[in-house]
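# Architecture and fold: a report
Read off the chains here:
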Amino acid sequence: MSRPLHRGVPAIRVTSSSNGLLDSQVKEQTEKEELDRNQSSHRSRHRLTILLLKSSLVVIVILALTGSFWWTLSISTSSRGHIFHSSRRLQEQLVSDLWDIGELSFGTSRMKEIEFCPGELENYIPCFNVSENLDSGFSDGNEYDRVCRQRSRQNCLVLPPMNYKIPLRWPTGRDIIWVANVKITGQEVFTSGSLTKRMMMLEEEQISFRSASLMFDGVEDYSHQIAEMIGLRNESNFIQAGIRTILDIGCGYGSFGAHLFSEQILTICIANYESSGSQVQLTLERGLPAMIGSFSSKQLPHPSLSFDLLHCARCGIDWDKNDGSFLIEVDRVLRPGGYFVWTSPLINVQSSLRNKEKQKRWNFVRDFAENLCWELMSQQDETVVWKKTSKKTCYNSRISGSGPSICSKVQDVEFPYYRPLQNCIGGMHSRRWVPIEERATWPSRSNLNPSELALYGLHLDELNEDTANYRIIVRNYWSLLSPLIFSDHPKRPGDEDPSPPYNMLRNVLDMNARYGGLNAALLEARKSVWVMNVVPTTGPKYLPLILDRGYFGVLHDWCEAFPTYPRTYDMVHAEGLLSLESSQHWRCTMLDIFTEIDRMLRPEGWIIIRDAALLIDSARVLTRRLKWEARVIEIESNNDERLLICQKPFFKRQPS
C-alpha cells in the first residue's frame, strides 16, 4: 500500500543527557522522510506515464477505427454497396484486433469461454431425456415424448463424434454419408425393417443410398403405385393434382422424399426420438427435411389444414389404438381433399383373413376412417389410399354417434403447440378450408392473390415488398458468403471442384420466418436448398401463410430446445429475433438462444443475424464465449440495424 505524501515528525521527549542521541535520531528521521518523498514522487510520475500511454492508445484505436471505416467506404464495390459497405476479411479482422487491443488497454478481462460438453452428450437433445421421463412415471412409449423441464439445457458446447467429417456437398451428400457422423451401427443397418431402411449399403466409412442400387427401383415403383391409386398416371402428376407438401411419418431414412424431390414435391420426415439408429438424424445428414415429431400423446406444432398428403409406410404407429385419436390428428393437419397413404402388413387381405386379431384391427381403422368422412380410393397389396372430404356437409350426414364430434371453437385451436391430442375433428372453423384442387398449383401457389392474403390480414403490397427486399438480401448474403466459404475451403481432399453458388448450403433454418420471404427468395434464385421456416410462439402467427405458399414450417418457442439432433443445419438465419425476445423481457437469455444455435449448427456452418445495432453489439461480445468467428457488417439502408455473420469452427474431439 502506498504511503501518504506528507508525514509529521513524531514527538520525542528531550533531556540533557540525550542530546547526541537526539541529533542522531533527528538526522536519521530527516533522511528517511526525504527518501519517502522521492519514492512517492517516482510513483506519481509512473502513474502519470501509464495514464498518458493508455490515453494515447485509446486515441490510436479511435483513429484506426475511423480510418478503417473510411477505408471500407472507399473500397466498396457497386454490387455489394447497395446494402453492405464491405465484407473484406482483412478489414474485419483488423477491426476485431483493434477492438481486442482497446479492451485490454482498459484492463478489462475477457469473458470466460464456454466449456465443451462431455463425450456422452455428442447426440444430446434437450427435452428428450428418457431416463428422467421414466422416473416421472411415463411409460408405454410416452417416455420418448418431448418434455421440456426447467434447466433442461446444457451450458456447454456439443462436440462432434471422434471421427466426424464434413458432409459431402449436395447432391452427392444425398446418396453418401459418413458412418461416423451418425449414431448407428452396422447391425442396425442390416436389421432395418422398412423398405427405405433396407436401401442402405454399408461400406468401410460410408453409408450409400445410391440411385444405381437395385433397391432403388422399389421406391420408384412404390411411388408410381401410389400415383396410380390416386388416379394419376405417375408421380410426376402429383403437382397437377394439387399435391406439393407431404408429411412422411416414420420415414425410414428419407428415400421416399429424396425420390420425389426431383418432382418438386417437398417431403418432410417426422419420426419419434431415437437414442440410436435415428431416422431423423440420418435424413438430415442426407440434406433432406426432417424433425422429431410424435403421434403418441400431443398434437403436432402445425396449424390445422397444413399438408396435401400424409404418408406412413410401416411407420410403427398403431392407428387403431388410443380410440382413434392418432387418425383424428392426421385429419386435423390434412387439407380438404388431401390424401392419407398407409402401407402395412395389416392391410393385406389374405393375411388378415387368417388372423382374426389383424382383421379386427383393420376393420377398426377402415370404419373409423369412414366416420372421419374419408373416401377409400384404392387398396392394393399392403397399401391403402384415403381421400379426405372437401365438403363440410359430409359430417352432418353421418349417423348420430357414429364417429368423433366436431370440435367447438374453444377446442379448435388454430395454433396448437404440443397440446394434448383431441378426440374431436379440428380445422372445421378455419377460414382456410379450401380443397387442394381449388388451390393454385406449384409454383404459382407461392404467390397468393389478394383474397387469399386477406385471410391473414395482409395486403398484396406488403407481401410484394417483403419479396423484393429478400431478393436483394439473398443476393447480398450470397455475395458475402461465396468468397468466405471458397477462400476458407477451396477444395477439400476427396471433394470435386465446387460449382458455386448452387451447392454451398443445403439445410437452412430460419428462426423468425415471418412470411417465408427468405425461403421464397432462395428458391427464386435457384439455390438448391430447403428451409425450415420457424415461427416463434411469441411473434405474429404467419405459419399458415407459409404452409399455404407451399413451404414447410413449424411453431416453436426459442426458450426451449428445437426438436432436432446436433449438427443438422448448414446455416441458421435470424432477422429480428433478438428484438422479438427482448420485447418479451428476455424470458431466456441471449446466451441460451446462441448455445442452442451452436448445437444445431454443423461444424463450419454459418450464422446470419440481422437486428438492432445495440443488440448486435451485445451479440458480438457473446460470440467470443461461443468461439465463433464473427464479423459485423454495417447496413447502408438502415443505420439502426447491423448484420452479424459468424462461422462455427470445427473443433475435433481429442482421444480420451
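Coordinates for the structure precede this section.
No experiment lies behind these values; they were computed from the predicted model shown.

Here is what the cut-offs are and how they apply
Residues numbered from 1 in each chain as written. Predicted model: local features only at pLDDT ≥ 70, side-chain atom pairs only at ≥ 80, totals over all residues. Heavy atoms only, no water. Phe/Tyr/Trp six-rings, centres within 6.5 Å; stacked < 30°, edge-to-face > 60°. Lys NZ or Arg CZ within 6 Å of the ring centre and 35° of its normal. Helix = DSSP H or I, 4+ residues; strand = E, 2+ residues; numbered from the N terminus. Buried < 20%, exposed > 50% of the residue type's maximum accessible area, 1.4 Å probe, protein only. Pairing = 2+ DSSP bridges. Axes fitted to C-alpha atoms, helices over the stretch in contact; angles between N-to-C directions. 1 Å grid on protein atoms, 1.4 Å probe; cavity = no way out; pocket = protein on both sides within 12 Å on 5 of 7 lines; lining within 4 Å. Points joined across faces, edges and corners; volume = space filled by probe spheres on them. Nonpolar A, V, L, I, M, F, W, Y, C, P; charged D, E, K, R; others polar. Right-handed = clockwise from strand over helix to strand, strands pointing away. Salt bridge = Lys/Arg side-chain N within 4 Å of Asp/Glu carboxyl O. Disulfide = S-S within 2.5 Å.

### Overview of the packing of aromatic side chains
Under the defined criterion, the tally for this structure stands at 22 aromatic pairs. Pairing Tyr417 with Tyr418 gives two aromatic rings, centres 4.9 Å apart and planes at 70 degrees, and the pair type is edge-to-face. An aromatic cluster is present here, built from Phe295, Trp319, Phe340, Trp342, Trp362, Trp374 and Trp386 joined pairwise through their rings. Over the face of the ring belonging to Phe650 we find Lys652, whose NZ or CZ atom lies 5.8 Å from the ring centre.

### Describing the environment of Glu204
Turning to its location among the elements, Glu204 is positioned in the loop between β2 (201-202) and β3 (206-208). According to the relative accessible area criterion, Glu204 is exposed, its value standing at 79%. Between the alpha carbons of Glu204 and Val179 there is a distance of 8.4 Å; along the sequence they are 25 residues apart.

### Some words on the pairing of strand β13 (residues 553-556)
Here β13 shows two buried faces, one formed by Gly553 and Leu555 and the other by Val554 and His556. The pairing of strand β12 (residues 530-536) with β13 spans four bridges and is classified as parallel. Following the sheet pairing, Val535 is matched in β13 by Leu555.

### Remarks on the sheet that holds strand β9 (residues 374-380)
In space, the seven strands of this open sheet follow the order β6-β5-β4-β7-β8-β10-β9, with mixed pairing throughout. The open sheet has two edge strands, β6 (290-292) and β9, and neither has a second partner. Strand-to-strand twist of the sheet, defined as the mean angle between neighbouring strand axes without regard to direction, takes the value 20 degrees. With six bridges connecting them, β9 and strand β10 (residues 383-388) associate as antiparallel partners. Residue Trp374 lies in a different strand from β10, and its bridge partner there is Lys388.

### Quick word on the layout of surface pockets
Counted as a void, the largest pocket has a volume near 660 Å³. Sorting the residues of the lining of the largest pocket by element identifies β5 (266-271) and β6 as the ones contributing at least two each. In terms of residue class, the lining of the largest pocket is made up of 17 nonpolar, 14 polar and eight charged.

### Thoughts on the pairing of strand β8 (residues 334-343)
The buried fraction of β8 amounts to 10 of the 10 residues, a majority that puts the element mostly inside the structure. Relative to β8, strand β7 (residues 307-313) is paired through six bridges, and the arrangement is parallel. Among the inter-strand pairings, Leu309 is bridged to a residue of β8, identified as Tyr339. With respect to chirality, the unit in which β7 leads through helix α10 (residues 325-333) into the neighbouring parallel β8 is right-handed. As judged from the five bridges shared by β8 and β10, these two strands associate in the antiparallel manner. Bridge pairing in β10 places Phe340 opposite Trp386.

### Focus: helix α16 (residues 517-524)
Judged by how many residues are buried, α16 sits mostly within the fold: six of eight residues are covered. Residues of α16 that are buried include every one of Gly517, Leu518, Asn519, Ala520, Ala521 and Leu522, and no others. Taken from the residues just after α16, Arg526 is the one with a positive phi, measuring 60 degrees.

### Description of the pattern of salt bridges
Taken as a whole, this structure holds 29 salt bridges when the rule is applied. For Asp175, the salt bridge goes to Arg174, with nearest N and O atoms at 3.3 Å. On the basis of relative accessible area, Asp175 is assigned to the buried category, the value being 16%. Given the relative accessible area of 22%, Arg174 is considered partly exposed. The partner of Arg602 in a salt bridge is Glu285, and the shortest N-O contact between them spans 3.9 Å.

### Quick look at the state of the cysteines
By definition, a disulfide links the sulfur atoms of two cysteine residues through a covalent bond. Within this structure, the stated rule accounts for seven disulfides. Between Cys407 and Cys424 runs a disulfide, and the two sulfur atoms are separated by 2.0 Å. Disulfide Cys407-Cys424: torsion about the S-S bond near 95 degrees, hence right-handed. A residue pair is termed long-range when its members are at least 10 positions apart, and Cys407 in the loop between α13 (393-396) and α14 (450-454) and Cys424 in the loop between α13 and α14 qualify at 17 residues.

### Quick look at the environment of Gly218
Secondary-structure assignment places Gly218 in helix α7 (residues 216-230). A relative accessible area of 25% places Gly218 in the partly exposed class. Sequence separation of Gly218 and Phe256 is 38 residues, and the distance between their C-alpha atoms is 9.9 Å.

### Examining unusual backbone geometry
The omega torsion across Trp170 and Pro171 is 5 degrees, close enough to zero to call that bond cis. Positionally, Pro171 belongs in the loop between α3 (130-135) and α4 (172-175). Phi angles above zero are rare outside glycine, and Asp323 is one such case at about 55 degrees. Along the polypeptide, Asp323 turns up in the loop between β7 and α10.

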